[in-house]
Amino acid sequence: MSAADIDGFAARIRNDESRMISAWVGIPDPLLVNHLAQEAFDAVVLDMQHGMWDLPSAAAAVGHVRIAGKPALARIPVGDFASASRLLDAGASGIIAPMINSAEDAKAFVKATKYPPVGERSWGPSLALNHTGLSADDYLRTANDLTVAIAMIETRAALEAIDDILGVPGIDGIFIGPSDLSIALSNGDQVAPNAAEIDSAMQHAVARCGAHGKFACAFAGDGERAGELLKFGFAFVIAGAETAQLRSGARKQINAARKIASGG
């Protein structure tokens, strides 16, 4: 895939027909990211909120993902909008920002991730220029369209303010965190990302995105749930974290070996 194809990610995810499945990596190893990027994922998300990535390792991982022909996104730590702009400078195709609970939060996010007149992103995209092959002027002119700013909806307040958040210019889409949302909606009683109440909230979120002409993304714990969410109308889903996939794959091979060895 060429740089032009990779940088077409933003246009694809904004397309109503897009149905993308992404890897999700919290282990701070660019080589692990490279392996996952060789699989049939449409993108790779680096989780810097609950994963262990720092900026140098994340920037290196963005390069590995792009070399493999895929777009890289990053979920930043809560409120770390300075890192958001630096990751875009490193060539990330999108930023996912957790705990965006209001239009004010969304505006602060846009301020760091979009160039004027939409935001106030500071200039310095040296690696992004290398990756895209664009001139400085061309990158400045097109960067707001080439990258996406995705606000996470994962609290009761965010769900109530979803129209206000989606109405902020420069917010390209939302990302539902169903585990946190289930904790919030149950007042801390349970982690139930697949509960019927969460399904209802997620379908509501998809509908509101449609009304605003924007896209919806979500985390799913496994491939089966990811397929359900795509049927709900989500444009971009996670089919489980790399840790779960690693352990599941290891468990499957161990069980197969023991079954054969025991004559089962």
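About the cut-offs
- Residues numbered from 1 in each chain as written.
- Predicted model: local features only at pLDDT ≥ 70, side-chain atom pairs only at ≥ 80, totals over all residues.
- Heavy atoms only, no water.
- Salt bridge = Lys/Arg side-chain N within 4 Å of Asp/Glu carboxyl O.
- Helix = DSSP H or I, 4+ residues; strand = E, 2+ residues; numbered from the N terminus.
- Buried < 20%, exposed > 50% of the residue type's maximum accessible area, 1.4 Å probe, protein only.
- Pairing = 2+ DSSP bridges.
- Axes fitted to C-alpha atoms, helices over the stretch in contact; angles between N-to-C directions.
- Left-handed = near helix turned anticlockwise from the far one by under 90°.
- Contact = heavy atoms within 4.5 Å.
- 1 Å grid on protein atoms, 1.4 Å probe; cavity = no way out; pocket = protein on both sides within 12 Å on 5 of 7 lines; lining within 4 Å.
- Points joined across faces, edges and corners; volume = space filled by probe spheres on them.
- Nonpolar A, V, L, I, M, F, W, Y, C, P; charged D, E, K, R; others polar.
- Parallel < 35°, antiparallel > 145°, perpendicular 65-115°, else oblique.
- Lys, Arg positive; Asp, Glu negative; His and termini not counted.
- Polar contact = N/O pair within 3.5 Å; in protein donor to acceptor, adjacent residues only side chain to side chain.
- Right-handed = clockwise from strand over helix to strand, strands pointing away.
- Core = buried A, V, L, I, M, F, W, Y, C linked by side-chain atoms within 4.5 Å.

## Some points on the pattern of salt bridges
What the rule picks out here adds up to ten salt bridges. Residues Lys114 and Asp172 are paired through a salt bridge, measuring 2.9 Å at the closest nitrogen-oxygen approach. One end of the pair, Lys114, is in the loop between α6 (103–113) and α7 (126–132); the other, Asp172, is in the loop between α10 (162–166) and β6 (173–176), with 58 residues separating them in the sequence. Here Arg225 ties to Asp199 by a salt bridge, and the two come within 2.6 Å at their closest N and O atoms. In this pair, Arg225 is assigned in helix α13 (residues 223–232) and Asp199 in helix α12 (residues 196–212), connecting sequence segments 26 residues apart. Assessed through its relative accessible area of 6%, Arg225 is described here as buried. Among the ionic contacts, a cluster of salt bridges with common partners joins Arg14, Lys114 and Asp172.

## Notes on the sheet that holds β6
Sheet strands pair by backbone hydrogen bonding; their relative direction is either parallel or antiparallel. Spatially, eight strands are ordered β1-β2-β3-β4-β5-β6-β7-β8 in a closed barrel, and the strand pairing comes out parallel. Mean inter-strand twist for the sheet, computed between neighbouring axes without regard to direction, equals 25°. Where strand β1 (residues 20–25) and strand β2 (residues 43–47) come together, four bridges link them in parallel fashion. Paired with Trp24 across the strands is Val45, a residue of β2.

## Quick notes on the packing of helix α5 (residues 81–89) against α6
Running from N to C, α5 and α6 cross one another at 35°; their axes reach a closest spacing of 8 Å. Crossing handedness for the pair α5 and α6: right-handed. In this structure, α5 contributes Phe81, Ala84, Ser85 and Leu88 to the contact, and α6 contributes Asp105, Ala108, Phe109, Ala112 and Thr113.

## Looking at the layout of surface pockets
Computed from the structure, the largest pocket encloses a volume of approximately 250 Å³. Together, 17 residues line the largest pocket, and Gly177, Pro178, Ser179, Asp180 and Phe219 are the ones closest to its centre. Those elements that provide at least two residues to the lining of the largest pocket are α11 (178–185) and β7 (215–220). Here the element with the most residues in the lining of the largest pocket is α11; it accounts for three residues. Class assignment for the residues of the lining of the largest pocket results in seven nonpolar, five polar and five charged.

## Observations regarding the packing of α12 against α13
Contact geometry for α12 and α13: axes closest at 10 Å, N-to-C directions at 45°. One finds that α12 runs oblique with respect to α13. Contact residues: α12 offers Asp199, Met202, Gln203 and Val206, while α13 offers Arg225, Leu229 and Phe232.

## A short note on the pairing of β6
Regular strands have side chains that alternate between both faces of the sheet. Covered by surrounding structure in β6 are Gly173 and Phe175 together with Ile174 and Ile176, the residues of both alternating faces. In this sheet, β6 lies alongside strand β5 (residues 148–153) in parallel orientation, the contact comprising four bridges. By the bridge assignment, Ile150 is partnered in β6 with Gly173. Here β6 runs beside β7; their pairing, made up of four bridges, is parallel.

## Observations regarding the side chain of Glu154
Relative to the elements of secondary structure, Glu154 occurs in the loop between β5 and α9 (156–160). It turns out Glu154 is buried and unbridged, and the closest side chain with the opposite charge, Arg75, is 4.9 Å from it. Here Met99 takes part through its backbone nitrogen, which lies 2.7 Å from a polar atom of the side chain of Glu154. Glu154 has contacts with Pro98, Met99, Gly177, Asp180, Leu181 and Ala184, leaving out every residue within four places of it along the chain.

## A short note on the pairing of strand β4 (residues 94–97)
Of the two faces of β4, the one lined by Gly94 and Ile96 and the one lined by Ile95 and Ala97 are each fully buried. Sheet analysis places strand β3 (residues 72–75) next to β4, joined by three bridges and oriented parallel. Bridge pairing in β4 places Ala74 opposite Ile95. In this fold, β3 hands off to α5, which returns the chain to β4; that crossover is right-handed. Strand direction decides the pairing type here: β4 and β5, joined by four bridges, are parallel.

## Details of the nonpolar core
Leu46, Ile174, Ile176 and Phe234 are the most contacted members of the largest nonpolar core, which totals 60 residues. Each residue touching Leu46, except ones within four places of it in the same chain, is listed here: Val25, Val33, Trp53, Ala58, Ala61, Val62, Leu73, Ala74 and Arg75. Listed in part, the 19 residues of the second largest apolar core include Trp24, Ile96, Met152 and Phe175.

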